[in-house]
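# Tertiary structure, described
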Amino acid sequence: MADSRVAIVTGAARGIGAATAKRLAEDGFAVAVIDLDEKQCADTVSAIESGGGTALAVGCDVSDAGQVESAVDRIAAKLGGPTVLVNNAGVIRDNMLFKMSEDDWDTVMNVHLRGSFLMSRAVQKHMVEAKWGRIVNLSSTSALGNRGQANYSTAKAGLQGLTKTLAIELGKFGVTANAIAPGFIATDMTKATAERVGMDFEDFAKAAASQIPVARAGQPEDVANTVSFFVDERSGFVSGQVIYVAGGPKV
Ligand SMILES: NC(=O)c1ccc[n+]([C@@H]2O[C@H](COP(=O)([O-])OP(=O)(O)OC[C@H]3O[C@@H](n4cnc5c(N)ncnc54)[C@H](O)[C@@H]3O)[C@@H](O)[C@H]2O)c1
């Protein structure tokens, strides 16, 4: 275990990222809460601080190399070298292939793939120095293919390849890399999808739950719990894996 227990969670202003930041704080990490705008991070930071934890709000677009480098430098200076990285920041730009714009394609690739690459590259030096680290990437059941998500499913499948390569390259430095592929999780992202298809969110979530073996929608905490498992000191022999957190196997 590294001396410094500092974790970074990207896209942590809300949803899965916020739940994960709070969970890692409960697990004893000082947490850098990254999102596009520093002010957006205030709720997550104050929830962690009121629970007695340490958190730092950091505004950073993970797809911008310069912003990523300076964010990681600032985190290392303020909290200590980060040894846990959760690449969670994400966006959707759903459309059928024939209507999908190049911008919709590029935005999704840039946030998920370029963002996770840039963050991992910036943070790995601290992990290698500490000879300990944990990287967790957020994939999705959409990696297996999903109508209207040519961009997103490609990015989420790509993240599984990135995860396995990081596991191979960084393993000898005590660093593991794993991916979580959630199914339907109730967040603003799935709310936006309900809106796009013109459905009330409750009905949308109920329809999703009817297809899920455990008969309920997932919650951000379901994913945060799995992150906590991968990050645990005792999970050091689990690397390069993809775990589906979907209430059952993908249907
Ligand atoms: N909700 C689901 O059902 C579901 C399922 C599978 C995978 N996921 C994945 O889990 C992750 C979190 O999803 P969520 O449902 O909590 O989404 P969300 O939309 O509620 O939150 C995503 C966060 O990422 C931030 N973000 C977006 N672009 C960014 C950038 N360039 N730099 C920094 N931050 C940025 C947003 O501001 C937002 O706070 C995403 O990677 C998503 O693709 C979600």
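This text goes with the structure placed above it.
Residues numbered from 1 in each chain as written. Predicted model: local features only at pLDDT ≥ 70, side-chain atom pairs only at ≥ 80, totals over all residues. Heavy atoms only, no water.

Our focus in this paragraph is the site of the ligand. What surrounds the ligand is a group of 30 residues, the closest being Arg14, Asp35, Asn88, Tyr152 and Thr187. Within the backbone of asparagine 88, an N or O atom sits 2.8 Å from an oxygen atom of the ligand. The protein chains hide 95% of the 830 Å² of surface that the ligand would expose on its own. Counting residues per element, the ones that place at least two in the shell around the ligand are α1 (15-26), α4 (102-130), α5 (150-170) and α6 (188-196). The element that contributes the greatest number of residues to the shell around the ligand is α6, accounting for three residues. (Near = heavy atom within 4 Å. Polar contact = N/O pair within 3.5 Å; in protein donor to acceptor, adjacent residues only side chain to side chain. Areas by Shrake-Rupley, 256 points an atom, 1.4 Å probe, with all protein chains shown as cover. Helix = DSSP H or I, 4+ residues; strand = E, 2+ residues; numbered from the N terminus.)

Now for the packing of aromatic side chains. All chains considered together, the criterion is met by three aromatic pairs. Look at phenylalanine 184 and phenylalanine 201: their rings are 6.3 Å apart centre to centre, the planes differ by 20 degrees, and that puts the pair in the stacked class. Here the residue phenylalanine 184 occupies a position in the loop between β6 (175-182) and α6, and phenylalanine 201 occupies one in helix α7 (residues 201-209), the gap between them amounting to 17 residues. Classification of phenylalanine 184 by relative accessible area gives buried; the value is 16%. When the centroid spacing of 5.5 Å and the interplanar angle of 50 degrees are considered together, the rings of phenylalanine 229 and phenylalanine 230 count as tilted. Within the aromatic cluster, the residues linked to one another by ring pairs are Phe184, Phe201 and Phe204. If you follow arginine 5 out to its NZ or CZ, it ends over the ring of phenylalanine 29, 4.1 Å from the centre. Looking at lysine 191, its charged tip hangs above the ring of phenylalanine 201, at a distance of 5.7 Å from the centre. (Phe/Tyr/Trp six-rings, centres within 6.5 Å; stacked < 30°, edge-to-face > 60°. Buried < 20%, exposed > 50% of the residue type's maximum accessible area, 1.4 Å probe, protein only. Lys NZ or Arg CZ within 6 Å of the ring centre and 35° of its normal.)

Next up on the list: empty space enclosed by the protein. Taken as a whole and assessed by the stated rule, the structure comprises one cavity of 30 Å³ or more. In this model, the largest cavity occupies a volume close to 60 Å³. Broken down by secondary-structure element, the contributors of at least two residues to the lining of the largest cavity are α4 and α5. For the lining of the largest cavity, a count of residues per class yields six nonpolar, six polar and one charged. (1 Å grid on protein atoms, 1.4 Å probe; cavity = no way out; pocket = protein on both sides within 12 Å on 5 of 7 lines; lining within 4 Å. Points joined across faces, edges and corners; volume = space filled by probe spheres on them. Nonpolar A, V, L, I, M, F, W, Y, C, P; charged D, E, K, R; others polar.)

Before going further, it helps to spend a moment on the state of the cysteines. If you walk through the whole model with that rule in mind, you get zero disulfides. Unpaired in terms of disulfides, cysteine 60 finds its nearest cysteine sulfur in cysteine 41, a separation of 9.9 Å. (Disulfide = S-S within 2.5 Å.)

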